[in-house]
Amino acid sequence: MTGAATGPIRKVVIVGGGTAGWMTAAALSRAVSADVSVTLVESEEIGTVGVGEATIPSLLDFNRIIGIDEDAFVRATQATFKLGIRFRDWGRIGDDYLHPFGTHGRDVAGVSFHQLWLRAAARGETATPGPIGDYCLSHVAARLGRFNRPVADPSAVLSTLSYAFHFDAGLYAAYLRTLSKAAGATRVEGRIAGVVRNAETGFIDAVTLADGRRVDGELFVDCSGFRSLLLGDALGVPFTSWQHWLPCDRAWAVPSTRQGPLTPYTRATADRAGWRWRIPLQHRVGNGHVYSSAYSDDDTAVRALLDGLEGTPLAEPRQLRFVAGRRERLWEKNCVAIGLAGGFLEPLESTSIHLIQSGITRLLSLFPDRSFNPVEIAEYNRLLLREYDQVRDFIILHYHATTRSDSPFWDHCRTMTLPASLADKLALWAGNARLFREAGELFTPDSWIAVLLGQGQRPTGCDPLVAALPVGEAAAFLAHLRDVIGRTAAAMPTHETFIAQHCAAPALQTA
Ligand SMILES: Cc1cc2nc3c(=O)[nH]c(=O)nc-3n(C[C@H](O)[C@H](O)[C@H](O)COP(=O)(O)OP(=O)(O)OC[C@H]3O[C@@H](n4cnc5c(N)ncnc54)[C@H](O)[C@@H]3O)c2cc1C
């Protein structure tokens, strides 16, 4: 295989069978023609990272692409529905806000809704507008513990609901494996011990297994996790660390028994040197403590996790180590890295699986032939790297927008120098609350607004064009919206009832 070759790709080899590998296999095996082989190599001996349970709404698009029946998927993966993330103690200890999926209110005459709300909140007149979350259906439903699927009719408030899932990562990979095999993908069990490169071009020709077998390919997708066997080890693409901005580099994870109602949101509670997650699934709760080893030792971190559990632990806590950052390029020669092999931005906004999906959909839209056009490879890298950078900025915002000074960790986060792209964004917000979504940017202004206001970042002014909207009319509009959203949310079934009626999983043995 050389870069000078021509003709269509006939052999795709995916290295790794975690979430990234099986999502890639499921999508590629459906997209390519019958004469293209899709082979996935994985090693049970090595195993997968085994976490990754919270998602964002874009996963619904992926499920559609690979033809998933949503109720069957929810049942098979012990999933629950997620309407957003509840953040506790981030801006300061005692704070409690939600970053919901979906939109706040409705823009009026070209003026963004949040501008209208900001003016009303600043005037403090007659009826206060209440928190901005009251104008987002996903937010109100999450607070009430309710869930329903959105409707297609854009005039209905229920059309504005947006959701994602929490699921069991192991069951998700197994589910995708079944789908991929049914679509024609082949699984090879074995530990990769070597990578064979073409002496002339440096392209990857094959991987060799510990037992001597050889798996040849033309396009290689590196889904080998943090090891980055192909892109990092074999091709030597350097890693860019973002640890200065995202100092958390370890996590303890432990499942526990379910306690109380099934909340339709992830909970992220800030701690002295990081934060703790709580992810409700049908059969158990996923818990974790993400922390910085520069500011906490392992024992303190695991104790904080276990002390904060609401249920009984179902296993011994497991430690994971990582560094936030990404490879300088995600596609090099005939190798594309998807998932942890390409980079990792800690799980605070559940973006990893989305970035896997984004890598897959962009690979499909730039699917190569055997000439591996460098222009297309450069475009893939440009799009994906920019997306990583944009997500990075949004996650940094959570750490930086704080007044916490109760630990050296928060002192570092509060005072650190920001990436220029984020500093510019915050400067635009600080004055007249301007927010713009860049091309291809994952997080919408609604997401930025929820986190900025949730963490106490009030702008000094608002859009002067709001003045064109009479105060009385605007107040009536706000009151009406709030009322309709509140009533729509209250009429939904509880999250638990919805699952019981549509997609309850069979009881599983938990261990
Ligand atoms: C603490 C933590 C929490 C997270 N939470 C979330 C979350 O809530 N939401 C989210 O979207 N993401 C989350 N993630 C990220 C998520 O876990 C990953 O994006 C996802 O699991 C994909 O992992 P992967 O498939 O890239 O790697 P892995 O799961 O590590 O899979 C790697 C695969 O490569 C194989 N392999 C490696 N070396 C060899 C070899 N030599 N030979 C053969 N096979 C090999 C392994 O056997 C395995 O099959 C979290 C990550 C961490 C660390």
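These numbers were taken from a predicted model, which means no experiment stands behind them.

Let us look at unusual backbone geometry. Even without being a glycine, alanine 109 presents a positive backbone phi close to 45°. Backbone geometry at serine 350 places phi at a positive 50°, although glycine is not the residue there. By secondary structure assignment, the location of serine 350 is in the loop between β21 (343-344) and α9 (352-365). Accessibility expressed as a relative area gives 8% for serine 350, which makes it buried.

UniProt marks Glu349 with the feature "binding site: L-tryptophan" (unreviewed entry), using the numbering shown here. Mapped onto the fold, glutamate 349 is located in the loop between β21 and α9. Judged by relative accessible area, glutamate 349 falls into the buried class, the value being 1%. Excluding its chain neighbours within four sequence positions, the residues that come into contact with glutamate 349 are Ile56, Ile85, Phe87, His99, Phe394, Ile395, His398, Phe443 and Val451.

So, about the environment of leucine 209. The topology assignment puts leucine 209 in strand β9 (residues 204-209). Exposure remark for leucine 209: the relative accessible area of 4% places this residue in the buried category. Spatially, the C-alpha atom of leucine 209 lies 53 Å from that of histidine 104, the residues being 105 residues apart in sequence. Among residues more than four places away in sequence, those in contact with leucine 209 are Val41, Val188, Glu189, Gly190, Arg191, Ile192 and Ala193.

Any aromatic ring pair is given by two values, namely how distant the centres are and how the planes are angled relative to each other. Evaluation of the coordinates by the stated rule reveals 28 aromatic pairs. Taking 5.2 Å as the distance between ring centres and 80° as the angle between the ring planes, the aromatic pair formed by tryptophan 331 and tyrosine 380 counts as edge-to-face. Of this pair, tryptophan 331 sits in strand β19 (residues 331-332) while tyrosine 380 is found in helix α10 (residues 374-400), placing the two residues 49 residues apart along the sequence. Three or more aromatic residues link up through ring pairs in this structure, and these residues are Phe73, Phe81, Phe147, Tyr163, Phe165, Phe167, Tyr172, Tyr175 and Phe498. Over the face of the ring belonging to tryptophan 242 we find arginine 392, whose NZ or CZ atom lies 4.8 Å from the ring centre.

As assigned here, the protein comprises domain 1 (11-53 + 168-240 + 324-390), domain 2 (84-163 + 419-496) and domain 3 (250-321). Averaged C-alpha coordinates put domain 1 and domain 3 at centres separated by 29 Å. Contacts between the two partners involve nine residues from domain 1 and, on the opposite side, 13 residues from domain 3. For the pair domain 1 and domain 3, the two sides together bury roughly 860 Å², of which 59% comes from carbon and sulfur. Among the residues domain 1 hides against domain 3, the three largest losses belong to Val51, Glu53 and Asp168. Together they make up 49% of the total. Our count for the domain 1 to domain 3 interface comes out at two salt bridges. A salt bridge links aspartate 168 to arginine 284, with the nearest nitrogen and oxygen atoms 3.1 Å apart.

Here is what the cut-offs are and how they apply
Residues numbered from 1 in each chain as written. Predicted model: local features only at pLDDT ≥ 70, side-chain atom pairs only at ≥ 80, totals over all residues. Heavy atoms only, no water. Helix = DSSP H or I, 4+ residues; strand = E, 2+ residues; numbered from the N terminus. Buried < 20%, exposed > 50% of the residue type's maximum accessible area, 1.4 Å probe, protein only. UniProt positions renumbered as here; feature names shortened; annotations may be inferred. Contact = heavy atoms within 4.5 Å. Phe/Tyr/Trp six-rings, centres within 6.5 Å; stacked < 30°, edge-to-face > 60°. Lys NZ or Arg CZ within 6 Å of the ring centre and 35° of its normal. Domains from an automatic or database assignment. Buried area = accessible area lost by both parts, 1.4 Å probe. Salt bridge = Lys/Arg side-chain N within 4 Å of Asp/Glu carboxyl O.

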